[in-house]
Amino acid sequence: MSNLPLNPKQPHEDNDGALDTTQQGSSNLHTGLDHESSQQAALDPAPLDKKPLHQDPTDDSSINQDPLSQDKLPSHQTDAAHCDASQLRAEPALSSESKAPSQPRSSVDKKPTAMISHSSLIEGFLGTLALAFKDKGVLLMLIFAPIIYGFFYPWPYGSEVVQQVPVGVVDYDHSKLSKTITRYSDAHPNIKVTPYLTQTDALNALYDEQIAGYLIIPRDLEKDVYASKPAHVSILGNNSYFLLNKQLQLGFTTAVSTVSAGIEIKRSVAQGAYMPTAKVSTQAVPLRIDPMFNRTEGYGAYVVPAVAILILQQTLLMGTSLLIGTWYENKKQNASILGWLGRIGALSLITFTVACFYYGWVFNFQNYSRGHNLPGTLLFMAIYAPTVATLGCLLGLWFKERERGMQILIFSSLPMFFLSGYPWPVTQLPEVLQYVRWLFPSTSGMNASVQLNQMGASLSQVSSYLYHLLALWLMCFILLIWVQHRQIKRTTAESI
């Protein structure tokens, strides 16, 4: 029994049967069990269910025998036991120098490799199309949102020109000439006249937003006019609403000019001139205004074609960042260079198709100027869509979350519109903003699209905008690959 090299604590770690046997060693004396058999049962690593509890105390062969003895084991167990025993004996003999080379090898084994979701151009293209159409949020941003905008955004501007603007007339003269001016003003399609007794009444009506402005006819106007004395009428408009103020000034100016021309003709005829000669003499230099590219001078034809490009950009940016953010959360954002090109191509194809819907149906249905340089417009869109899609991939990889891109980009639409130089002259912007605006594809996109599709410009005339889009695409793609490389490197360093 003294030859047993077993740890007396081992029974507590083996099984319940061994533990009970050890703890009840003293009770075994009362049950007739031999103390040696109970100690053997407690120390024997063999399961107790295979060893009878009432073992012959004189039989200690099972205790004395070596568990690794080749005589007592089958051949296949003997080999395994021999192998295990040799390993057990050889392991303490290993020196620290012999273990040293195994450390870096184990580290290399634990080093994670970046998972590439799309490794080829076709895989990236088809995989992106499939996932984009399966994701309802991405599908809403890339397809349904631009189509809904195409229907409802031009709708409020359907009348194009503001008409029947309510205005007031304060007539202090009450003469035939003042009544003629009032009648001619009311006949103009842009304004609708309401008379007021005093200027205070008209001003109160302006404060209550009942009228957009008013005309003041002073006393003795007719008397001064026919006496060839200086005389004038005043137009007071609310410049806070510049569109309404423009129509108000145009209506009153046309009416007063017509009445003044009639007075000049009558005066010339009274002095002996012929009527045709008198009509020509009232305007020595005839002026004719021919509006180009927006014949109706409508607000819808002015703003919708440019904003449509911004709509395509923002929906593509948000949809792309939504898709890339989802991939990032699922650890599927990484791709090879060809895989990224396939992804960008798939997203660009969706937006290019939606852009054809705008150029081919929305502008035609709203009767906007269109199609003056259709091949140039399609070429522009073939450059514009990949540029925006690449920027969206970069933002999605940077934001790292599905909804973060939408939360940030939804507030950037209005600044991008005003920085584009389309609604406000670029030279009137602060100098810093004149450089910042080139960071957005919409700056070149809005101007190039309007000039190609609405104005019929050639490709050479908008080449600077196209070169800017190509340079922006190249810069965004290089940053995209660099950001992915940095993220993979950081993830690898953190996981080692």
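Residues numbered from 1 in each chain as written. Predicted model: local features only at pLDDT ≥ 70, side-chain atom pairs only at ≥ 80, totals over all residues. Heavy atoms only, no water.

Under the annotation held in an unreviewed UniProt entry, the protein carries the name ABC transporter permease and is attributed to Psychrobacter raelei. Recorded under Subcellular location (unreviewed entry), the UniProt text for the protein is reproduced unchanged: "Cell membrane". (UniProt positions renumbered as here; feature names shortened; annotations may be inferred.)

A.B. asks: Teacher, can you tell me more about the packing of aromatic side chains here?
C.D. replies: For any pair of aromatic rings, the description consists of the separation of the ring centres together with the inter-plane angle of the planes. Per the counting criterion, the structure on display carries 15 aromatic pairs. Measuring from ring centre to ring centre gives 5.4 Å for F417 and F418, while their planes differ by 75 degrees; the resulting arrangement is edge-to-face. Overall, F417 belongs to the buried group, its relative accessible area being 11%. Look at F418 and you get partly exposed, because its relative accessible area is 42%. By the ring-pair criterion, three or more aromatic residues cluster together here, those being F151, F357, Y358, W361 and F365. The ring of W340 has R343 sitting right over it, with the charged end atom 4.5 Å from the ring centre. (Phe/Tyr/Trp six-rings, centres within 6.5 Å; stacked < 30°, edge-to-face > 60°. Buried < 20%, exposed > 50% of the residue type's maximum accessible area, 1.4 Å probe, protein only. Lys NZ or Arg CZ within 6 Å of the ring centre and 35° of its normal.)

A.B. asks: What exactly am I supposed to notice about the UniProt feature "transmembrane region" (unreviewed entry) in the protein here?
C.D. replies: In this numbering, the UniProt entry assigns the feature "transmembrane region" (unreviewed entry) to residues 138-155, 302-328, 340-361, 381-399, 406-424 and 465-483. Spanning residues 340-361, this segment combines 100% helix with 0% strand, and its end C-alpha atoms are found 32 Å apart. Taken end to end, residues 381-399 is 100% helix and 0% strand, and its two terminal C-alpha atoms sit 26 Å from one another. (Helix = DSSP H or I, 4+ residues; strand = E, 2+ residues; numbered from the N terminus.)

A.B. asks: How should the environment of N447 be read in this particular structure?
C.D. replies: When you line up the elements, N447 lands in helix α22 (residues 441-454). Note on N447: relative accessible area 12%, which makes it buried. Residues N447 and Y422, 25 residues apart in the sequence, show an inter-C-alpha distance of 6.8 Å. In contact with N447, other than residues within four places in its own chain, are S420, Y422 and Y465. A polar side-chain atom of N447 sits 2.6 Å from the main-chain carbonyl oxygen of T443. (Contact = heavy atoms within 4.5 Å. Polar contact = N/O pair within 3.5 Å; in protein donor to acceptor, adjacent residues only side chain to side chain.)

A.B. asks: What should I look at first to understand the pattern of salt bridges in this one?
C.D. replies: For side chains of opposite charge, pairing can occur when their charged atoms come near one another. Counted according to the given criterion, the structure contains five salt bridges. Two residues, E264 and R267, come together in a salt bridge whose shortest N-O distance is 3.6 Å. Separated by three residues within a single helix, E264 and R267 lie in helix α14 (residues 242-270), roughly one turn from each other. Taking relative accessible area as the criterion, E264 reaches 37% and is therefore assigned partly exposed. Exposure remark for R267: the relative accessible area of 26% places this residue in the partly exposed category. (Salt bridge = Lys/Arg side-chain N within 4 Å of Asp/Glu carboxyl O.)

A.B. asks: Which parts of the structure should I look at to understand helix α23 (residues 463-495)?
C.D. replies: Because each turn of an α-helix spans 3.6 residues, side chains separated by three or four positions end up pointing in the same direction. Across its 33 residues, α23 extends 48 Å between first and last C-alpha, which sits within 8% of the 48 Å expected from 1.5 Å per residue. Taken as a whole, α23 has its buried residues at Y465, L466, H468, L469, L472, C476, F477, L480, V483, Q484, Q487 and T492. On the buried face of α23, the contacting elements are α16 (299-329), α17 (337-365), α18 (374-399) and α22. (Expected span 1.5 Å × (residues − 1).)

A.B. asks: Help me understand the nonpolar core in this model?
C.D. replies: For soluble globular proteins, the rule of thumb is that nonpolar side chains tend to be buried together. By size, the foremost hydrophobic cluster in this structure holds 69 residues, and its most contacted members are W340, F380 and M381. Of all elements in the fold, only α9 (121-134), α10 (136-152), α16, α17, α18, α20 (413-419), α22 and α23 reach the threshold of two or more residues within this core. In terms of residue count, the dominant contributor to this core is α16 (18 residues). Formed by 17 residues, the second largest nonpolar core is a distinct cluster that contains V167, V193, F252 and I263. (Core = buried A, V, L, I, M, F, W, Y, C linked by side-chain atoms within 4.5 Å.)

A.B. asks: Would you explain a nonpolar patch on the surface in this entry?
C.D. replies: On the surface, L140, F144, I148, F151, F152, W155, W361 and F365 cluster together into a nonpolar patch covering about 930 Å² of accessible area. For the nonpolar patch, the elements supplying multiple residues, two or more each, are α10 and α17. At five residues, α10 tops the list of elements feeding residues into the nonpolar patch. Mapped onto the secondary structure, I148 falls in helix α10. Under the relative-accessibility criterion, I148 is labelled partly exposed at 47%. (Patch = residues over 30% accessible without salt bridge, like charges linked within 9 Å, V, L, I, M, F, W, Y side chains within 5 Å. Areas by Shrake-Rupley, 256 points an atom, 1.4 Å probe, with all protein chains shown as cover.)

A.B. asks: Quick question: what am I supposed to make of unusual backbone geometry here?
C.D. replies: Outside of glycine, negative phi angles account for most residues, and trans bonds account for most peptide bonds. Here S228, not a glycine, exhibits a phi torsion of approximately 60 degrees, which is positive. Structurally, S228 can be placed in the loop between α13 (221-226) and β4 (234-237). For E297, which is not a glycine, the phi torsion comes out positive at approximately 55 degrees. Here E297 is to be found in the loop between α15 (275-281) and α16.

A.B. asks: How should the packing of α18 against α23 be read in this particular structure?
C.D. replies: When two helices pack together, their arrangement is given by the angle between their axes and by how far apart the axes lie. Running from N to C, α18 and α23 cross one another at 25 degrees; their axes reach a closest spacing of 9 Å. Considered as vectors, α18 and α23 are oriented roughly parallel to each other. The interaxial crossing formed by α18 with α23 has left-handed handedness. Each of F380, I383, Y384, P386, T387, T390, L391, C393, L394 and L397 in α18 lies in contact with α23, whose residues at this interface are L466, L469, L470, L472, W473, C476, F477, L479, L480, V483, Q484 and Q487. Classifying every residue of the contact of α18 with α23 by side-chain character gives 18 nonpolar, four polar and no charged. (Axes fitted to C-alpha atoms, helices over the stretch in contact; angles between N-to-C directions. Parallel < 35°, antiparallel > 145°, perpendicular 65-115°, else oblique. Left-handed = near helix turned anticlockwise from the far one by under 90°. Nonpolar A, V, L, I, M, F, W, Y, C, P; charged D, E, K, R; others polar.)

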